[in-house]
Amino acid sequence: MNPTFDATQRIARISAHLRPSNFQMGESSGLSRENCRAKGGAPGFKVAILGAAGGIGQPLSLLMKMNPLVSVLHLYDVVNTPGVTSDISHMDTGAVVRGFLGQQQLEEALTGMDLVIIPAGVPRKPGMTRDDLFNINAGIVKILCEGIAKCCPNAIVNLISNPVNSTVPIAAEVLKKAGTFDPKRLLGVTMLDVVRANTFVAEVLGFDPREVDVPVVGGHAGITILPLLSQVKPPCSFTPEEIDYLTARIQNGGTEVVEAKAGAGSATLSMAYAAVKFADACLRALRGDAGVIQCAFISSQVTELPFFASKVRLGRMGVEEIYPLGPLNEYERAGLEKAKKELASSIQKGISFIRK
């Protein structure tokens, strides 16, 4: 083969990979966006991150590029995606990265995806509650879920955008309107509550947090976050003071970070870590691994509420089994009643946003 022609072909591949929307290939090259991928790209799943250029999105994209189960990684945002895509694409891991900028490229970003992760939206600022985020982030989630319904209705959706207690019901209503809602495939990511609970409990007990498992049920805001400390593994006991301290710190973990950053952001790095941990569980389940169990905020009949976070078993179709809460002590039963009252209002707020 002509060395000059071969070099030109390789340059063309790289250019189409990094700047697909601006780079036009001649028909004779036989290259297109669809078949432009790195030679030797790893087999695996196609993952899209919506909101990839944000505070959570960037570290999340970085960590997903490192995941060996990802073969194609689509990065979408309304600003700054080309830079993030170029930067992350230089990493020598198997996943092929493609960037998409603006709503006009949303459908292209979503087509053919197996897993869609949504960290899009504005972050919390000091003094801001998750409800303060509602009007902005609700509209963003609505648009993105309309795209999912049209372009990848069978994808597993991991929804991070706050307030999760309301955005998951919003997503469900959008998908219902489109006739594509599958409750097994829509999961609100509450993994950060579990990660915090494992860390804080391990600190109190002097354990390695990787050896601790704390079920966290309810929702993903304030008192709706209910750590079941009576069900911690390995089994252990706590004083009443420790229970009060741990419950309050787990429930207010987000506020702790917002205040510590003093106006410079919210829990972006730990959220990205938790999101990737949960996404990896979803991908392992899609691969067919057995016994993949995590907590998530989903359509549920565990309580009288239409959505609730609890332990679930993941599989090829998404949520394959929802576990009951198990035995609760008096402290947890009281916390559950408080959580349900607050959660009911947040769920209804999300549903009403679409049905109004």
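Up top you'll find the structure we're talking about.
This text gives an overview of the structure that appears in the document.

For the rest of this paragraph, the subject is the pattern of salt bridges. Using the criterion set out here, one finds 15 salt bridges in the structure. The salt bridge involving Arg 355 is made with Glu 173; its shortest N-O contact spans 2.9 Å. Taken together, the residues span a long stretch of sequence, with Arg 355 in helix α11 (residues 330–355) and Glu 173 in helix α6 (residues 164–178) at a distance of 182 residues. Taking the shortest distance from any N to any O, the salt bridge between Asp 280 and Arg 284 comes out at 3.0 Å. Residue Asp 280 and its partner Arg 284 are both found in helix α10 (residues 269–287); the two are separated by four residues, about one turn of the helix. One connected set of salt bridges, linked through shared partners, spans Glu 173, Lys 176 and Arg 355.

Before going further, it helps to spend a moment on the pairing of strand β11 (residues 318–322). Direction of pairing for strand β10 (residues 307–315) relative to β11: antiparallel, over a ladder of four bridges. When the bridges of β11 are listed, Val 312 appears paired with Ile 322. Linking β10 back to β11 in an antiparallel pair, the connection comprises two residues.

Here we come to the environment of Met 66. One can find Met 66 in the loop between α2 (57–65) and β2 (70–77). In the structure, Met 66 is positioned 22 residues away from Ile 88 in sequence and 9.9 Å away in space, judged by C-alpha atoms. When residues no more than four places from it in sequence are discounted, the contact partners of Met 66 are Met 91 and Thr 93.

On to the packing of helix α5 (residues 134–151) against α6. At a minimum axis distance of 9 Å, the contact between α5 and α6 shows a crossing angle of 35°. As α5 packs across α6, the resulting crossing turns out to be right-handed. Taking contact as the criterion, the partners of Phe 134, Ala 138, Val 141, Lys 142, Cys 145, Glu 146 and Ala 149 in α5 are, on α6, Ser 166, Thr 167, Ile 170, Ala 171, Val 174, Leu 175 and Ala 178. For the contact of α5 with α6, the residue count by class is ten nonpolar, two polar and two charged.

Moving on, we come to the layout of surface pockets. Its boundaries defined by the atoms lining it, the largest pocket holds a volume of some 620 Å³. Forming the boundary of the largest pocket are 37 residues, of which Pro 119, Ala 120, Gly 121, Val 122 and Pro 123 lie nearest the centre. Going through the elements one at a time, β2, α5, α7 (191–205) and α9 (253–261) are the ones with two or more residues in the lining of the largest pocket. When residues of the lining of the largest pocket are assigned to their parent elements, the largest contribution, four residues, is made by α5.

Rules behind the numbers
Residues numbered from 1 in each chain as written. Predicted model: local features only at pLDDT ≥ 70, side-chain atom pairs only at ≥ 80, totals over all residues. Heavy atoms only, no water. Salt bridge = Lys/Arg side-chain N within 4 Å of Asp/Glu carboxyl O. Helix = DSSP H or I, 4+ residues; strand = E, 2+ residues; numbered from the N terminus. Pairing = 2+ DSSP bridges. Contact = heavy atoms within 4.5 Å. Axes fitted to C-alpha atoms, helices over the stretch in contact; angles between N-to-C directions. Left-handed = near helix turned anticlockwise from the far one by under 90°. Nonpolar A, V, L, I, M, F, W, Y, C, P; charged D, E, K, R; others polar. 1 Å grid on protein atoms, 1.4 Å probe; cavity = no way out; pocket = protein on both sides within 12 Å on 5 of 7 lines; lining within 4 Å. Points joined across faces, edges and corners; volume = space filled by probe spheres on them.

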